[in-house]
Amino acid sequence: MSHKFVLVNWNKRKQAYDICLWIGIALYLSLFILVSHGRFQGEHAISSPIILIRAFSTCGFIMLTLILCIGPLARIDRRFLPLLYNRRHFGVSFFIIALIHGALAI
């Protein structure tokens, strides 16, 4: 442990990673919601809160799967090392998605 506390600095790669990550999350959620509203109509209609709960749960499951795949992939191929470097950002984003899912479910 170092003798002084140093803040982690943001750089352009981290910002680009976060922007791409949240654009991907927003695209997935919007596509899931649009397809669900279009698919389940009439007597098989699902209410909007249930669709939101399902959207956030599947998004969280996919994110967790990708987070757990990053470590082994980085050992197999060096091209995945930037993902390993920014995996904590992915984990925090997963926590936010899971928190929203939990709040909607409660």
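Residue positions are given per chain, counted from 1 along the sequence in the order it is written. Totals for whole chains, interfaces and linings use all residues, but because this is a predicted model, local features are given only for residues with pLDDT of at least 70 and pairs of side-chain atoms are given and counted only at 80 or more. Note that the side-chain values use all heavy atoms of the structure and ignore hydrogens as well as water.

Novice: Explain the packing of aromatic side chains to me, please; I cannot follow it from the model alone.
Specialist: The geometry of an aromatic ring pair is captured by the separation of the ring centres together with the interplanar angle, meaning the angle of the planes. Note on aromatic pairs: the rings of Phe, Tyr and Trp (six-membered ring only in Trp) are paired at centre separations within 6.5 Å, and the planes decide the class, stacked below 30 degrees, edge-to-face beyond 60, tilted for the rest. Within this structure, the stated rule accounts for 1 aromatic pair. When the ring of Tyr28 is compared with that of Phe32, the centres are 6.0 Å apart and the planes differ by 40°; the resulting orientation is tilted. Separated by 4 residues within a single helix, Tyr28 and Phe32 lie in helix 1 (residues 12-39), roughly one turn from each other. Lying over the aromatic face of Phe40, Arg39 brings its terminal NZ or CZ to 5.8 Å of the ring centre. For the purposes of this entry, the term helix denotes a DSSP run of H or I that reaches at least four residues, the term strand denotes a run of E that reaches at least two, and both are numbered from the N terminus. Only when the NZ of Lys or the CZ of Arg is both within 6 Å of the ring centre and within 35 degrees of the ring normal is a charge said to sit over the ring.

Novice: For this particular structure, what's the right way to read the pattern of salt bridges?
Specialist: Pairs may arise between side chains of opposite charge once their charged atoms sit close together. Put simply, a salt bridge is a Lys or Arg side-chain nitrogen that is within 4 Å of an Asp or Glu carboxyl oxygen. As enumerated under the stated definition, the model contains 1 salt bridge in all. A salt bridge links Asp77 to Arg79, with the nearest nitrogen and oxygen atoms 2.5 Å apart.

Novice: Help me understand the environment of Leu29, please; the structure alone is not making it clear to me.
Specialist: Tracing the backbone through its elements, the reader meets Leu29 in helix 1. It is 5.9 Å that separates the C-alpha atoms of Leu29 and Ala55, two residues lying 26 residues apart in sequence. The contact criterion used throughout is that any non-hydrogen atoms of two residues lie within 4.5 Å. For Leu29, the contacting residues outside a window of four places in its chain are Ala55, Phe56, Cys59 and Ile97.

Novice: Help me understand the environment of Asn86, please; the structure alone is not making it clear to me.
Specialist: By the element assignment, Asn86 lies in the loop between helix 3 (81-85) and helix 4 (87-105). On a C-alpha basis, the gap between Asn86 and Tyr17 in space is 7.6 Å, while along the polypeptide they are 69 residues apart. For Asn86, the contacting residues outside a window of four places in its chain are Lys14 and Tyr17.

Novice: What exactly am I supposed to notice about the packing of helix 1 against helix 4 here?
Specialist: Relative placement of two packed helices is described by the angle separating their axes and the distance separating the axes. Contact geometry of helix 1 with helix 4 gives a least axis separation of 10 Å together with a crossing angle of 30°. The element helix 1 and its partner helix 4 pack so that their crossing is right-handed. Taking contact as the criterion, the partners of Lys14, Tyr17, Asp18, Leu21, Trp22, Ile25 and Leu29 in helix 1 are, on helix 4, His89, Phe90, Ser93, Ile96 and Ile97. Taken together, the residues of the contact of helix 1 with helix 4 sort by class into 8 nonpolar, 2 polar and 2 charged. In this analysis an axis means a line fitted to C-alpha atoms, helices contributing only their contacting stretch, and an angle means the value between N-to-C directions, from 0 to 180 degrees. Crossings are assigned a handedness: left-handed for a near helix turned anticlockwise from the far helix by less than a right angle, right-handed for a clockwise turn. Here the term charged refers only to Asp, Glu, Lys and Arg, the term nonpolar to Ala, Val, Leu, Ile, Met, Phe, Trp, Tyr, Cys and Pro, and the term polar to all other amino acids, Gly among them.

Novice: Help me understand the packing of helix 2 (residues 48-76) against helix 4, please; the structure alone is not making it clear to me.
Specialist: Where helix 2 meets helix 4, the closest approach of the two axes is 9 Å, and the angle between their N-to-C directions is 155°. Here helix 2 lies roughly antiparallel to helix 4, going by the angle between them. Crossing of helix 2 against helix 4: the hand is left-handed. Here Leu52, Ile53, Phe56, Ser57, Cys59, Gly60, Met63, Leu64, Leu66, Ile67, Ile70 and Gly71 of helix 2 come into contact with helix 4, specifically with Arg87, Phe90, Gly91, Ser93, Phe94, Ile97, Ile100, His101, Leu104 and Ala105. In terms of residue class, the contact of helix 2 with helix 4 is made up of 15 nonpolar, 6 polar and 1 charged. We call two directions roughly parallel when the angle between them is under 35 degrees, roughly antiparallel when it is over 145, roughly perpendicular when it lies between 65 and 115, and oblique otherwise.

Novice: I'm lost on the environment of Ile51 in this one. Help?
Specialist: Within the fold, Ile51 resides in helix 2. Residue contacts for Ile51: discarding those within four places in its chain leaves Phe32, Ile33, Ser36, His37 and Ile46.

Geometric descriptors of this kind do not, in isolation, establish any biological role.
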